[in-house]
Amino acid sequence: MSPRGPLRLGAHERLIVALDEPTGAQALAWVERLGDAVSFYKIGMELLASGDYFTVLDALARRDKKVFVDLKFFDIPATVAGVIAGLSRWPVTFATLHGWHGPMMEAAADARSGQLRLLAVTVLTSMDRGDLQALGIDADPRQVVVQRALAAQAAGIDGVICSGQEAAPVRAATGAGFEIVCPGIRPAGSAVGDQKRVMGVAEAFAAGADAIVVGRPIRQAPDPRAAAEAMQAEIARLLK
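Residues numbered from 1 in each chain as written. Predicted model: local features only at pLDDT ≥ 70, side-chain atom pairs only at ≥ 80, totals over all residues. Heavy atoms only, no water.

We apply this condition: UniProt positions are given in the numbering used here, feature names are shortened, and annotations may be inferred rather than shown by experiment.
The name given to the chain in an unreviewed UniProt entry is Orotidine 5'-phosphate decarboxylase, and the organism recorded there is Pseudoxanthomonas spadix. Here the chain is described in UniProt, under the heading Pathway (unreviewed entry), as follows: "Pyrimidine metabolism; UMP biosynthesis via de novo pathway; UMP from orotate: step 2/2." Taken from UniProt, the Function (unreviewed entry) comment for the chain reads in full: "Catalyzes the decarboxylation of orotidine 5'-monophosphate (OMP) to uridine 5'-monophosphate (UMP)."

This is how it looks when you write it as structure tokens:
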């Protein structure tokens, strides 16, 4: 199956906020706190362990929020295909799988249906060249990310997760219509934390990102809603 082409996101939907919370109640408290400042949320592994995962997913859908399921699937092709087929029945816009195995990605792309779009994780933003070398990969992260993006595109995956630092070479290699979603976004003055390959909001979009994922810089801000609104305003200016 071929990639479906670009998802037509509105400017307000290009900021995806990470709900990395240990319980569903805490995650939904953030949704209430941020209100209409945020239209798109990512729910990942931390929330999965709470047992509230699909309760939160349903609650987001009822609030007309877009949902990004970030569980980074990686298994034999048949298993991942089964998961993707099942997940396609839920109101999910994006879901992630690791971009390390062509046949697995092909099986996932063939199993996908409905509105679900698949994003291949290339190299985690907490990793640098030294981390790749420790895994037996003697290459710069940019080179590895582009290779995996091309493999994902060939397998029929809709886009990739990559650092903003790799967005430009990925866009050059894959062309228009291939989704690029960038985590590790750190506005000026934000703590880097455990991330190693980071970029600012404006730089990421200038490099070719279609959407960005932001968690701690919003949740740890003195006024989280104001922080989200400021990012939305910056994105709107950039896209004019």
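1. Structural notes on the UniProt feature "active site" (unreviewed entry) in the chain
Rule in force here: Strands are runs of DSSP state E lasting at least two residues, helices are runs of H or I lasting at least four, and both sets are numbered from the N terminus onward. To sort residues, take the accessible area from a 1.4 Å probe on protein chains only and compare it with the maximum for the residue type: under 20% means buried, over 50% means exposed, and anything in between is partly exposed. Residue contacts follow a heavy-atom distance rule, with two residues in contact if any of their heavy atoms lie within 4.5 Å.
Sites flagged by UniProt as "active site" (unreviewed entry) map to Asp-70, Lys-72 and Asp-75. Relative to the helices and strands, Lys-72 resides in strand β3 (residues 66-73). The class of Lys-72 is partly exposed, set by a relative accessible area of 22%. When neighbours within four sequence positions are excluded, Lys-72 is seen to be in contact with Met-45, Thr-96, Leu-97, His-98, Val-121 and Leu-124. Relative to the elements of secondary structure, Asp-75 occurs in the loop between β3 and α4 (77-87). Of the residues examined, Asp-75 reaches a relative accessible area of 43% and is grouped as partly exposed. Excluding residues that lie within four positions of it along the chain, Asp-75 makes contacts with Val-80 and Met-104.

2. Quick word on the sheet that holds strand β7 (residues 179-182)
Quick reminder of the rule: When DSSP locates at least two bridges between a pair of strands, those strands are taken to pair. Only C-alpha atoms enter the line fits that serve as axes; for helices the fit covers just the stretch in contact. Angles between N-to-C directions range over 0 to 180 degrees.
Spatial strand order, β1-β2-β3-β4-β5-β6-β7-β8: eight strands in a closed barrel with parallel pairing. On average, adjacent strands in this sheet sit at an angle of 25° to one another, irrespective of strand direction. Pairing geometry for strand β4 (residues 94-98) and strand β5 (residues 117-121), over five bridges, is parallel. From the neighbouring strand, His-98 faces β5, where its bridge partner is Val-121.

3. Regarding the state of the cysteines
Quick reminder of the rule: Counting rule for disulfides: a pair of cysteine sulfur atoms within 2.5 Å.
Enumeration according to the criterion identifies zero disulfides in this entry. Looking at the unpaired Cys-162, the closest cysteine sulfur is the one in Cys-182, lying at 4.4 Å. Accessibility expressed as a relative area gives 1% for Cys-162, which makes it buried. Of the residues examined, Cys-182 reaches a relative accessible area of 0% and is grouped as buried.

4. Thoughts on the side chain of Arg-112
Rules: Here a polar contact means two N or O atoms within 3.5 Å. Within protein one must be a hydrogen donor candidate and the other an acceptor candidate, and residues neighboring in sequence count only if both atoms are side-chain atoms.
Take Arg-112: it is sitting in the loop between α5 (102-111) and β5. For Arg-112, a relative accessible area of 2% puts it in the buried group. At a separation of 3.0 Å, a polar atom in the side chain of Arg-112 contacts the main-chain carbonyl oxygen of Gly-156.

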